Structures are given as structure tokens and as C-alpha cells.
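# Fold and geometry: a report
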Amino acid sequence: MPLVLIDSVEKHFGDNHVLRGVSTEVAKGDIVALVGRSGSGKSTLLRCVNGLETISGGRIVVDGVDVQSPDTDLALLRRRVGMVFQSFNLFPHLSAAANVTLAPVLTKKIAKDEARDLASRMLERVGLGHKLDAMPSQLSGGQQQRVAIARALAMSPQLMLFDEATSALDPELVGEVLRVMEDLARDGMTMMVVTHEMAFARRVASEVLFMNQGRIWERGTPERMFGSPQTPEFQQFVQSVV
Ligand SMILES: Nc1ncnc2c1ncn2[C@@H]1O[C@H](COP(=O)(O)OP(=O)(O)OP(=O)(O)O)[C@@H](O)[C@H]1O
Ligand SMILES: [Mg+2]
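None of these values were measured; they are calculated from a predicted model.

### Observations regarding the pairing of strand E10 (residues 215-220)
Across 5 bridges, strand E9 (residues 207-212) lies against E10 in antiparallel orientation. If you follow Val-208 over to E10, its bridge partner there is Gly-220. In sequence, E9 turns back onto E10 through a hairpin of 2 residues, with Gln-213 there showing a positive phi of about 50°.

Listed below in C-alpha cells is the structure:
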């Protein structure tokens, strides 16, 4: 059983048929890069994987848990699936450490010194071991996004979803966040990554999925995809982003 099974998934928003029979599997340790034009359904697909959106047809199973089953505890699912968005959404009145440990403290009822230790380890992992007591306003965008990644990691997720995690950052801050993501990938984290950073996708992804009009239009290893794109749509996309 793959860690994530996405089987014939359909999604409608009213008349808008946004996902049209999307099927793929993600094995433990895979790094799947989702690329495609605006509106092709990339974010919607990620949001369906952690139950932020309900699907209209098909099936999504994450770590053996049927996402759309009424019996599924979505809160529990989201603890196994970390998500990092374009906007970091840190709590402005809480320190980096408190942002990182808020959820584990609330849901796992860990003790104060344990929380401090957890914050320290998680922030260390994103290169911010010296910023435990910094407030978000004292951190750069790149540092805030790394705190957001540490916050997701603090729940020990099985899977990490990244939706354009670097798109809101000043160009000079993009690299530090991509490096953290690359470290995670190298440590064996399973990841689904929506990105416009083609160099990153090329270097880090185990598979690239090109989405177009709600479908996986073309897929393959980064070498094959970027080396010899096959469909005219993906060829055009590659030309438009490099
Ligand atoms: N909550 C929503 N309600 C209604 N329509 C939505 C909603 N979310 C997304 N859509 C529509 O679904 C389609 C796919 O959107 P989605 O955000 O998944 O695209 P995307 O590939 O992530 O695009 P982008 O690169 O711009 O982020 C679009 O037509 C969008 O308008
Ligand atoms: Mg999107």
C-alpha cells in the first residue's frame, strides 16, 4: 500500500469541474513535484489530500486512512499530514518556540520542558536553533517560513504538503527555504510539493506531475520531463517558466 493513494478523484466547485479523474500513488520517501499553470488544480489536489476539501468522486487514502470516510477523524489525519502554505500564518503574539509547540502542547499535552526541548530540536532542524525566543515580527520572511516548517514537523507528520512555500518571499530569501525542504527530502520525508521552482523540482523530485485542466497531463522523472517533454502543453509550460 502506498503512503498516499489518489484514485480517480473528481472535484467540482459548483459548475467548475476542477479535478477530472486524477490518479496517482505516493510511496514513502517519494518527493512529488506538482507543476502547472494557474487554475490547473494543484492546490485543490493538495487540499483534498489532507481533507481541507471534500472530493466529489474517487478515493484518497493516506497512511491507510480513507480521507472522505465519515468515520475519519480529520483532526487526527491532519496531525499526520503537515502542510505549509505560501503565507506562513504564524501567531504574531507568540515566540518562534511557542508557535512550533502550540499544537503538540494542545493535542498531546506535553509538559513545558518537553515543549522547550521539542521547539529547540525542530528549530534546529530548519537552521533557527538560535531563534527560539524571537517574535515573528523580528524574523525575515524566509525565517518565518522556516518556523512554519518547524511547526509542521513538530507533529511528526508522515507526509508534508508544500503549496508554493516560497512564492511570497523576496528572491534572496527563497534559497534558504528551498534548502530546508531539500534537507527534509534527503532525510527521507515524503513530500508533495507545488512549486514554480523548476530547478528545485529537477534536482529534488522523484517524480514530476504536470497538471493541466484538472488532469495529470504528463508525468515522469525530472530527467525525462525536463529533458524531453512530450505533450505540446507541457513543452509550452516548460518554455514559459525557464
Ligand atoms: N474554494 C473554492 N471555491 C470555488 N472555486 C475554487 C475554490 N478553490 C479553487 N477553486 C477553483 O478551482 C480551480 C483550480 O484552482 P487551484 O487553486 O487548485 O489551482 P492552482 O493550480 O493551485 O492555481 P495557482 O497556480 O494559481 O495556485 C480554479 O478554477 C479555481 O478558481
Ligand atoms: Mg495554487
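### Regarding the UniProt feature "domain: ABC transporter" (unreviewed entry) in the protein
Under the UniProt annotation, "domain: ABC transporter" (unreviewed entry) lies at residues 4-238. Secondary structure over residues 4-238 splits into 39% helix and 26% strand, and the C-alpha atoms at its two ends are 27 Å apart.

### Points about the sheet that holds E10
If you trace the 6 strands from one edge of the open sheet to the other, you get E6-E7-E8-E3-E9-E10, paired in mixed fashion. Two strands in the sheet have a free side with no partner beyond their single neighbour: strand E6 (81-84) and E10. Recorded for the sheet is a direction-independent mean angle of 20° between the axes of neighbouring strands. Across 5 bridges, strand E7 (residues 159-163) lies against strand E8 (residues 190-194) in parallel orientation. Counterpart to Leu-159 in the pairing with E8 is Thr-190. Together, strand E3 (31-36), E6, E7, E8 and E9 form the strand contacts of helix H1 (residues 42-49), whose direction differs from that of E7 by roughly 150°. Packing of helix H9 (residues 232-241) onto the sheet brings it into contact with E3, E9 and E10, and relative to E9 it is tilted by some 105°.

### A short note on H1
The element H1 is largely enclosed, with a buried count of 6 among its 8 residues. Burial in H1 covers these residues: Lys-42, Thr-44, Leu-45, Leu-46, Cys-48 and Val-49. Just past H1, the residue Gly-51 takes up positive phi, approximately 75°.

So, how was this worked out
- Each chain carries its own residue numbering, running from 1 in the written order of its sequence.
- Labels are handed out in written order, letters beginning with A for the chains and numbers beginning with 1 for the ligands.
- Note on the predicted model: pLDDT of at least 70 is required for a residue's local features to be given, and 80 or more for side-chain atom pairs to be given and counted; whole-chain, interface and lining totals, by contrast, use all residues.
- Calculation of side-chain values draws on the structure's entire complement of heavy atoms; hydrogens and water are dropped beforehand.
- One bridge is not enough; two strands pair if DSSP finds at least two bridges between them.
- Where helices and strands are cited, they refer to DSSP runs of H or I of at least four residues and of E of at least two residues respectively, numbered from the N terminus.
- UniProt positions are given in the numbering used here, feature names are shortened, and annotations may be inferred rather than shown by experiment.
- Axis definition: a line fitted to C-alpha atoms, limited for helices to the stretch in contact. Angles are taken between N-to-C directions and run from 0 to 180 degrees.
- Contacts: residue pairs with any heavy atoms within 4.5 Å of one another.
- Summary of the burial criterion: residues with accessible area below 20% of their type's maximum are buried, those above 50% are exposed, and those between are partly exposed, where the area comes from a 1.4 Å probe applied to protein chains only.

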